[in-house]
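Survey of secondary and tertiary structure
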Amino acid sequence: MLRKQGMKRSMPRFDIVGQLGSLRRYAHSLTRDGTEAEDLVHDALVRAYERRGTFRSGGNLRAWLLSIVHNAFIDRMRSRRSETARLEQAGYLAEGSTPAPQEHSVRLAQVREAFFSLPEEQRSALHLVAIEGLSYSQAADASGVPLGTLMSRIGRARAALREMEEAAPSKAKNHLRIVGGPS
């Protein structure tokens, strides 16, 4: 029994419960599917637990876990490209079948659609910084890219979102028509 207690003391406490929200949000941002995101978080947590001995004491646990989620996602993409395409199509069908009744819900859906239409690299970089609140340096480490690359991706993502925003009002006008007014 003494030996078991000694083993427990030699291993650092590995408490990830407080990180689950960030991991789930990031996984959902990457996968665009709630079920797939939960599977990704599960796989990442298994990896993290198996490799908990590699975590540097005093390091940033959240950034370390987010990088594991990111790497697990990249591995999945490489091994299941056709499945990802099928799930993406199913996601688009589900989004189109539930129209939002309130104006703010419609706007939120438009912003979400614009965000999810960004390329994965840009979406990932913007999510880590804008949603998870990581510093550029932490986000670059989590993504496994140089700082300049991350900053470039964020800049391109923001520019693309601005471009979509500027184009949005003209699209809305094309879909409106006057009903019951003077001809």
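Model, not experiment: these values are computed from the prediction. (Residues numbered from 1 in each chain as written. Predicted model: local features only at pLDDT ≥ 70, side-chain atom pairs only at ≥ 80, totals over all residues. Heavy atoms only, no water.)

Now for the overall build of the protein. Across its full length, the protein carries 9 helices and 0 strands. A buried classification covers 31% of the 183 residues belonging to the protein. In the protein, once contacts between residues fewer than 6 apart in sequence are set aside, the share between residues at least 24 apart is 68%. With the model as given, the accessible surface of the protein reaches about 12400 Å², and the carbon-plus-sulfur share is 55%. (Helix = DSSP H or I, 4+ residues; strand = E, 2+ residues; numbered from the N terminus. Buried < 20%, exposed > 50% of the residue type's maximum accessible area, 1.4 Å probe, protein only. Contact = heavy atoms within 4.5 Å. Areas by Shrake-Rupley, 256 points an atom, 1.4 Å probe, with all protein chains shown as cover.)

Next up on the list: the pattern of salt bridges. Pairing of side chains with opposite charge becomes possible as their charged atoms draw close. Tallied over the entire structure, the rule returns 6 salt bridges. Two residues, Arg76 and Asp43, come together in a salt bridge whose shortest N-O distance is 2.4 Å. Separated by 33 residues along the polypeptide, Arg76 in helix 4 (residues 61–79) and Asp43 in helix 3 (residues 34–50) bring together distant segments of the chain. The partly exposed category is assigned to Asp43, whose relative accessible area is 31%. (Salt bridge = Lys/Arg side-chain N within 4 Å of Asp/Glu carboxyl O.)

Below, the discussion takes up helix 8 (residues 136–143). If you check which residues of helix 8 are buried, you get Ala139, Ala140, Ala142 and Ser143. Viewed end-on, helix 8 has its buried residues packed into an arc of 165°, placing them on one side of the element. Among the residues trailing helix 8, Gly144 stands out with phi positive, at a value near 75°. (Arc of directions from axis to C-beta.)

The next point concerns the packing of helix 2 (residues 20–31) against helix 7 (residues 120–131). Contact geometry for helix 2 and helix 7: axes closest at 9 Å, N-to-C directions at 155°. When the axes of helix 2 and helix 7 are compared, the pair comes out roughly antiparallel. As for how helix 2 packs across helix 7, the hand of that crossing is right-handed. Only Glu120, Arg123, Ser124, His127, Leu128 and Ile131 of helix 7 make contact with helix 2, whose side of the interface consists of Arg25, Tyr26, Ser29 and Leu30. Here the contact of helix 2 with helix 7 is composed, by residue class, of 4 nonpolar, 3 polar and 3 charged. (Axes fitted to C-alpha atoms, helices over the stretch in contact; angles between N-to-C directions. Parallel < 35°, antiparallel > 145°, perpendicular 65-115°, else oblique. Left-handed = near helix turned anticlockwise from the far one by under 90°. Nonpolar A, V, L, I, M, F, W, Y, C, P; charged D, E, K, R; others polar.)

A word on the packing of aromatic side chains. In this description, an aromatic ring pair is defined by two values, namely the gap between the centres and the angle between the planes. A complete count under the given rule lists 2 aromatic pairs for this structure. Their ring planes at 55° and their centres at 5.6 Å tell us that Phe115 and Phe116 sit as a pair that is tilted. For the pair Phe115 and Phe116, one class covers both residues: buried. Directly above the aromatic system of Tyr49 lies the positively charged group of Arg52, at a separation of 3.9 Å from the ring centroid. (Phe/Tyr/Trp six-rings, centres within 6.5 Å; stacked < 30°, edge-to-face > 60°. Lys NZ or Arg CZ within 6 Å of the ring centre and 35° of its normal.)

Note that every value here comes from positions in space, so none of it alone points to a role or purpose.
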